[in-house]
Amino acid sequence: REKGTAQSYRYACNCVAAFIQEKYKLSDVPFTALNRSFIDNYDLYLRTERRFALGTIVLLVTRLNTIVGEAIAEGIITADPFAGYEAEHPEREQKYLTAAELQRLMTTPLHDPKLYHIRDLFLFSCFTGICYADLKTLAWKQLEQDTHGDWWVTGNRCKTDTRYVVKLLPAALSILERYRDGTDYVFSFMPHLNTVDRSLKRIAALCGIEKKLTFHVGRHTYATTICLMNGVSLETLSKMLGHKRITTTQTYAKVTQPMIDREVEMLKIKLADKFMAV
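Residues numbered from 1 in each chain as written. Predicted model: local features only at pLDDT ≥ 70, side-chain atom pairs only at ≥ 80, totals over all residues. Heavy atoms only, no water.

## Notes on the overall build of the protein chain
Scanning the protein chain for helices and strands turns up twelve helices and three strands. Expressed as a percentage of the 278 residues in the protein chain, the buried residues total 40%. Partitioning the intrachain contacts of the protein chain with sequence separation of at least 6 by distance along the chain shows that 62% fall at a separation of at least 24. Taken as a whole, the protein chain presents about 16700 Å² of accessible surface, with 55% of it coming from carbon and sulfur. (Helix = DSSP H or I, 4+ residues; strand = E, 2+ residues; numbered from the N terminus. Buried < 20%, exposed > 50% of the residue type's maximum accessible area, 1.4 Å probe, protein only. Contact = heavy atoms within 4.5 Å. Areas by Shrake-Rupley, 256 points an atom, 1.4 Å probe, with all protein chains shown as cover.)

## So, the packing of aromatic side chains
Going through the model one piece at a time under the given rule, you end up with eleven aromatic pairs. Plain terms: the ring middles of Phe-19 and Tyr-24 are 5.8 Å apart, the flat faces sit at 85 degrees to each other, and that makes the pair edge-to-face. Of the residues examined, Tyr-24 reaches a relative accessible area of 31% and is grouped as partly exposed. When the centroid spacing of 5.8 Å and the interplanar angle of 70 degrees are considered together, the rings of Phe-82 and Tyr-85 count as edge-to-face. No difference in accessibility class separates Phe-82 from Tyr-85, as the two residues are buried. The ring of Tyr-96 has Lys-211 lying over it, and the distance from NZ or CZ to the ring centre is 5.4 Å. (Phe/Tyr/Trp six-rings, centres within 6.5 Å; stacked < 30°, edge-to-face > 60°. Lys NZ or Arg CZ within 6 Å of the ring centre and 35° of its normal.)

## Observations concerning helix α1 (residues 3-24)
Look at α1: 31 Å from first C-alpha to last across 22 residues, which is about the 32 Å you get at 1.5 Å a residue. Those residues of α1 lying buried are Ser-8, Tyr-9, Ala-12, Cys-15, Val-16, Phe-19 and Ile-20. Each buried residue of α1 sits inside an arc of 135 degrees when the element is viewed along its axis, so together they form one side. Along α1, the residues that are exposed and aim more than 90 degrees away from the buried face are Lys-3, Arg-10, Cys-13 and Asn-14. Contacts made by the buried residues of α1 are with α2 (36-48) and α3 (54-73). Trailing α1 by a residue or two, Lys-25 shows a phi angle of about 60 degrees, which is positive. (Expected span 1.5 Å × (residues − 1). Arc of directions from axis to C-beta.)

## Let's talk about the sheet that holds strand β2 (residues 151-156)
Strands in a sheet are paired, the pairing made by backbone hydrogen bonds, and the direction either parallel or antiparallel. Here we have three strands laid out as an open sheet, ordered β1-β2-β3, and antiparallel in their pairing. This sheet does not close on itself; its edge strands, each paired only once, are β1 (143-145) and β3 (163-167). Across the sheet, the mean angle separating the axes of adjacent strands is 25 degrees when strand polarity is ignored. Two elements, β1 and β2, share three bridges in a ladder whose sense is antiparallel. (Pairing = 2+ DSSP bridges. Axes fitted to C-alpha atoms, helices over the stretch in contact; angles between N-to-C directions.)

## As for the state of the cysteines
Counted according to the given criterion, the structure contains zero disulfides. Here Cys-13 stays free of any disulfide, with the sulfur of Cys-15 as its closest cysteine sulfur at 9.3 Å. (Disulfide = S-S within 2.5 Å.)

## Here we look at the pattern of salt bridges
Pairs may arise between side chains of opposite charge once their charged atoms sit close together. All told, the structure shown has eight salt bridges when counted by the stated rule. Asp-120 is the salt-bridge partner of Arg-178, the closest N and O atoms lying 2.7 Å from each other. You can see Arg-178 sitting in the loop between α7 (170-176) and α8 (193-206) and its partner Asp-120 sitting in helix α5 (residues 113-126), a full 58 residues away along the chain. The salt bridge partner of Asp-150 is Lys-167, with a shortest N-O separation of 3.2 Å. On the criterion of sequence distance, the pair formed by Asp-150 in the loop between β1 and β2 and Lys-167 in strand β3 is long-range, its members being 17 residues apart. Its relative accessible area of 28% is what places Asp-150 among the partly exposed residues. (Salt bridge = Lys/Arg side-chain N within 4 Å of Asp/Glu carboxyl O.)

## Some details on the pairing of β3
Of the two faces of β3, the one lined by Tyr-164 and Val-166 is fully buried and the one lined by Arg-163, Val-165 and Lys-167 carries no buried residue. The sheet contact formed by β2 and β3 spans five bridges and is antiparallel. In the strand pairing of β3, Val-153 is matched with Val-166. Where β2 folds back on β3, the antiparallel hairpin that results is connected by six residues, among which Asp-161 adopts a positive phi of roughly 65 degrees.

Distances and angles like these do not, on their own, reveal function.
Printed below as a string of C-alpha cells:
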C-alpha cells in the first residue's frame with residue numbers, strides 16, 4: 001500500500017477497536033462473530049457516537065469490508081456479514097474551475113514568489129491533469145518530442161501504477177520553460193500538499209474565486225473545462241488521466257449547458273438534410 005493508504009487502514013482499525021471496546025466491552029472479537037447486526041451497529045456507532053461525516057463513514061466501512069473480503073478469501077469465514085448492506089453515500093460534487101475562473105487565476109497579480117510558484121504547480125495540473133503525487137516525481141526524462149514538434153509526457157501513476165499519456169498544451173509548456181534548472185525533476189521544489197492547499201485558498205481569495213480550491217481541483221478542471229467541454233471523448237480522457245476503468249473517468253464528466261448547446265448544434269448540422277420540418 002501507499003503510505004497514506006496504510007495510515008488510513010490503521011485509523012480504520014483503531015475505529016473498529018474503539019467500537020468493540022465500547023459496544024461489547026472486549027478488546028477483540030473473532031471474525032466468526034461478525035454478522036449483519038455487527039455491521040449495522042458499527043455504522044450507527046460511526047454516525048451517532050463518533051458523529052463522522054458520510055464520506056468518512058463510507059471510507060471506514062469500506063476499509064473493514066476489504067479486510068473481511070480477505071478473510072473470506074482465506075476461508076476464515078464463509079458468510080459475508082456485509083451481504084445486503086449498503087452505506088449511505090454523500091452526494092458527490094465534483095469541483096472544477098470554469099474557463100473564466102481559470103483565466104482570472106492565470107492573470108491576477110499575487111506579489112508573493114511562493115504563491116506564484118504554487119500557482120504554477122496548480123495551473124500545470126489544470127492543463128495536464130497530473131495529480132500532486134505524480135507531479136512530485138515528474139522527471140524531465142518523461143518528456144518526449146514527436147516528429148511534429150509536439151511534446152508529450154508519459155508515466156505510471158503512483159496511486160495505481162496505471163500508465164498515463166498527455167500531450168502538452170501551450171499553457172503547460174510555457175510553465176515548464178520557467179523551471180529548466182538542470183535538475184532531474186521538473187519541479188525540484190514541491191511544498192507539502194497541506195501547504196499547497198492552504199496557499200491555494202489564499203490565491204483563490206486574491207483572485208476573487210469563491211470555490212474552495214485544493215490541488216485536486218486542478219485535475220477536475222483539466223478533465224471537465226479543458227477536455228470534456230472541448231469535445232475530448234471519455235475514452236481518450238481516461239487514457240490521459242491514467243484510469244484503470246472508464247467508470248472512474250465518468251465521475252469527472254459534468255454535463256454543462258455549453259456542452260449541451262455544442263452537441264445539439266452539431267446534431268442539427270448532421271441531421272439538417274435528413275429530417276425536414278413538418
